[in-house]
Amino acid sequence: MTNFDTNIFESLESEVRSYSRGWPAVFESASGSWIRDENGRDYLDFFAGAGSLNYGHNNPVLKSALVDYIVGDGITHGLDMSTVAKRDLLETFQDKILKPRGLDYKVQFPGPTGTNTVEAALKLARKVTGRSSIINFTNAFHGMTLGALSVTGNSMKRAGAGIPLVHATPMPFDNYFDGVTEDFHWFRRVLDDSGSGLNRPAAVIVETVQGEGGVNVARPEWLRALADLCAEREILLIVDDVQMGCGRTGPFFSFEIAGITPDIVCLSKSIGGYGLPMALTLFKRELDVWGPGEHNGTFRGNNPSFVTSKVALDHYWSDDALHKSTLAKGDKIHQAFTELANQFDGSVSTRGRGLVQGLVFDEPENAGKVCALAFDEGLLAETSGPSDEVVKLLPALTITDEELNHGLAILADATGKVCS
Ligand SMILES: Cc1ncc(COP(=O)(O)O)c(C=O)c1O
C-alpha cells in the first residue's frame, strides 16, 4: 500500500468523509480517465466524480476555454446577473439541446448542486399545484437537503435528517416486485380510492435509472405509462436527470428513450462539463410561476461553469457521435459482465443502460471486496444499492476502448478471486 499520511484528514476532517476511506490515497492530478496520487501511482477512473466528469478529467478543449476566460478576467461570481458567459450558455443550450428535441423549457439556475435543483423542482411543483404531497420511488436518491431527502429511499441517509421526513409517499419502482405485480396497480388504485388515505400529489419524482439505488433501470414502457398516468391525473412529472443526464445513458436526456416530455427536469453533475459546480432546473413554460427572487442562492451564477458547459455542449452535442459511442461502450461492458454472470452463475448478474452498468452480487459484501481488490490493482469503482451489493461503473464517456478493456480485465480478475 501507499505510505501516505492520513493524519490531517483523520484529525481535522469530519468523520462524515467516505470516499477517502474506500480509496486510501492522496490524489494530486488527473487527465482523461486517469487520476494520479501524490506518489505518482495512476488509477483508471471508472467513477468519474460520481457522474460529474462525463467528458473526463481536465478535458483539454474545456480547459483551454476556461483558462482563456480566467486569464481574460471574465466574471467568476455573478449571482443571477446577466453575463456574457450566461448568455452564451443559454443560447447554446437552446440551439444544441432544447430546439432539436422540440423542448420548450424555461431554464432556472438554482444553487449549483444536484440537491439544489431537486429542491427547486419540488418547491415549484408545490407552488404550481397548491398541493404538498410528492410521490417518489423505492430506492430513489435525490440528495441530502431536507426536501430531497424526504423523497430519497435510503434509511441510513434519511435517519441523518433528525426530523420526520414528510409529504412524500414511496411507490414501487419498475420491477420492484420482479415483474409479478402489474405496473402501477397500487399507485392507480390509491389515487382512485377516496378511502386510501393518499393525499392528492403535486408531483411524481423519478430517476430513469437509479444510480445510487443500485443501477435499477426503468423500462421505456414503464416510463411512458408513468407519464400517461401523471398527465391523466394532472400530476406533474419531475425527472431527476442529475446523474443520468448529459449523455450518461446515451442520449443527452435519459428520458429520450421513452419519448416522454417531463414537466420538470433536474440537471447537475456533468452539465458544467469540467466538474465545476452547476445545476439547472428546466420546466415547461407555463409552469414558470416564480416571482423575482422567490427562490435564490448566492452561487447560482458560477460563470466559469457556464463557459465549460457551453463548450462541452458545442463540442460533444453538435452531432450524435458521443451518443453512439456511449451505447457501443456500454454494450462492451454489458458483454463483459454477461460473461462473468455466466461464469459465476447465481453469484452475479448485470444490469444497466449506456455507460452506467452494474455488476450485482448475490452476497452483497462481495461487491465491496471486488472494489477493494480493484483499487489495489489501480482501478476506481464504487458500490451502490441498498446493501452496497452492486459494483457500479460510471466511466467518462470519453474513455477509450483500450482503457475500458484494461479496467474490465481488472474487474474480471477481482470477481474471479472473490467468487471462486
Ligand atoms: C439522481 C440524483 N439526484 C440528486 C443528487 C444529489 O446531487 P448532489 O450530491 O450534487 O447534491 C444525486 C447525487 O448523486 C443523484 O444521483
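Bear in mind that the values here come from a model prediction, so they are computed numbers and not experimental data.

Caption draft 1: Geometry of the pattern of salt bridges. Applying the stated criterion to the full structure yields 20 salt bridges. Lys 99 serves as the salt-bridge partner of Asp 95, at 4.0 Å between the closest nitrogen and oxygen. Linking Arg 219 and Glu 221 is a salt bridge whose minimum nitrogen-to-oxygen distance equals 3.9 Å. With a relative accessible area of 41%, Glu 221 lands in the partly exposed category. One salt-bridge network, held together by shared partners, links Glu 15, Arg 17 and Arg 21.

Caption draft 2: A look at the sheet that holds strand β15 (residues 379-380). Sheet architecture is open: four strands sit in the order β1-β2-β3-β15, paired in mixed fashion. With one partner strand each, in any of the chains shown, β1 (27-31) and β15 form the two edges of the open sheet. Sheet analysis places strand β3 (residues 42-45) next to β15, joined by two bridges and oriented parallel. Note that in β15 the partner of Leu 44 across the bridge is Leu 379.

Caption draft 3: Geometry of helix α14 (residues 401-419). An ideal rise of 1.5 Å per residue puts 27 Å on 19 residues; α14 measures up with 26 Å between its terminal C-alpha atoms. Every buried residue of α14 is accounted for by Glu 403, Leu 404, Gly 407, Leu 408, Ile 410, Leu 411, Ala 414, Thr 415, Gly 416, Val 418 and Cys 419.

Caption draft 4: Geometry of the site of the ligand. In the vicinity of the ligand, the residues found are Thr 113, Gly 114, Thr 115, Phe 141, His 142, Gly 143, Glu 207, Asp 240, Val 242, Gln 243 and Lys 269. Within the backbone of Thr 115, a nitrogen or oxygen atom sits 2.9 Å from an oxygen atom of the ligand. Between the ligand and the protein, one listed contact pairs a nitrogen atom with a side-chain N or O atom of Asp 240 at 2.6 Å. Relative to its unbound accessible area of 390 Å², the ligand is 82% covered by the protein chains. Of the residues contributing to the shell around the ligand, the split by class is two nonpolar, six polar and three charged.

Caption draft 5: Spotlight on helix α12 (residues 321-343). The end-to-end C-alpha separation of α12 is 33 Å, in line with the 33 Å expected for 23 residues at 1.5 Å each. Listing the buried residues of α12 in full gives Leu 322, Thr 326, Lys 329, Gly 330, Ile 333, Phe 337, Leu 340 and Ala 341. Buried-residue contacts for α12 involve α11 (303-316), β13 (348-353), β14 (356-361), β17 (390-393) and α14.

Caption draft 6: Summary view of the environment of Gly 32. Here Gly 32 lies in the loop between β1 and β2 (34-37). In this structure Gly 32 comes out as partly exposed when scored by relative accessible area, which is 29%. Sequence separation between Gly 32 and Leu 53 is 21 residues, and the spatial gap between their C-alpha atoms is 9.1 Å. Residue contacts for Gly 32: discarding those within four places in its chain leaves Gly 56 and His 57.

Caption draft 7: Quick peek at the packing of aromatic side chains. Inspection of the entire model under this criterion finds 16 aromatic pairs. With a centroid separation of 4.8 Å and an interplanar angle of 10 degrees, the aromatic rings of Tyr 55 and Tyr 316 are classed as stacked. Residue Tyr 55 is found in the loop between α3 (48-51) and α4 (60-71), and its partner Tyr 316 is found in helix α11; the two are separated by 261 residues along the sequence. Note on Tyr 55: relative accessible area 2%, which makes it buried. Judged by relative accessible area, which is 13%, Tyr 316 ranks as buried. Ring centres of Phe 253 and Phe 255 lie 5.0 Å apart, and the angle between their planes is 20 degrees; this geometry places the pair in the stacked category. The same class applies to Phe 253 and to Phe 255, which are both buried. Within the aromatic cluster, the residues linked to one another by ring pairs are Phe 93, Phe 252, Phe 253, Phe 255 and Trp 317.

Caption draft 8: Inspection of the packing of helix α5 (residues 84-98) against α11 at higher detail. Running from amino to carboxyl end, α5 crosses α11 at an angle of 30 degrees, the nearest separation of the two axes being 9 Å. Classified by the angle their axes make, α5 and α11 are roughly parallel. At the point where α5 passes α11, the crossing takes the left-handed sense. For the pair α5 and α11, contact is made by Ala 85, Lys 86, Asp 88, Leu 89, Thr 92, Phe 93, Lys 96 and Ile 97 and by Asn 303, Phe 306, Val 307, Ser 309, Lys 310, Leu 313 and Asp 314, respectively. Considering only residue class, the contact of α5 with α11 consists of seven nonpolar, three polar and five charged.

Caption draft 9: Highlighting the nonpolar core. Grouped together as the largest cluster of nonpolar side chains are 82 residues, with contacts concentrated most on Phe 93, Leu 226, Phe 252, Phe 253, Leu 267 and Val 391. No other element matches the seven residues that α14 contributes to this core. Filtering out sequence-adjacent residues up to four positions away, Phe 253 remains in contact with Phe 93, Ile 97, Arg 101, Leu 103, Asp 241, Val 265, Leu 267 and Leu 282. Residues Val 118, Ala 125, Ile 238 and Cys 266 belong to the second largest nonpolar core, which totals 19 residues.

Caption draft 10: Region of the structure containing the sheet that holds strand β16 (residues 382-384). Here we have four strands laid out as an open sheet, ordered β13-β14-β17-β16, and antiparallel in their pairing. Strands at the two margins of the open sheet, each flanked by one partner only, are β13 and β16. Put simply, the sheet's adjacent strands are angled 30 degrees from each other on average, direction ignored. Judged from the three bridges that link them, β16 and β17 form a sheet pairing that is antiparallel. The partner of Ser 384 across the bridge, within β17, is Val 390.

The rules behind these values
Residues numbered from 1 in each chain as written. Predicted model: local features only at pLDDT ≥ 70, side-chain atom pairs only at ≥ 80, totals over all residues. Heavy atoms only, no water. Salt bridge = Lys/Arg side-chain N within 4 Å of Asp/Glu carboxyl O. Buried < 20%, exposed > 50% of the residue type's maximum accessible area, 1.4 Å probe, protein only. Pairing = 2+ DSSP bridges. Helix = DSSP H or I, 4+ residues; strand = E, 2+ residues; numbered from the N terminus. Expected span 1.5 Å × (residues − 1). Near = heavy atom within 4 Å. Polar contact = N/O pair within 3.5 Å; in protein donor to acceptor, adjacent residues only side chain to side chain. Areas by Shrake-Rupley, 256 points an atom, 1.4 Å probe, with all protein chains shown as cover. Nonpolar A, V, L, I, M, F, W, Y, C, P; charged D, E, K, R; others polar. Contact = heavy atoms within 4.5 Å. Phe/Tyr/Trp six-rings, centres within 6.5 Å; stacked < 30°, edge-to-face > 60°. Axes fitted to C-alpha atoms, helices over the stretch in contact; angles between N-to-C directions. Parallel < 35°, antiparallel > 145°, perpendicular 65-115°, else oblique. Left-handed = near helix turned anticlockwise from the far one by under 90°. Core = buried A, V, L, I, M, F, W, Y, C linked by side-chain atoms within 4.5 Å.

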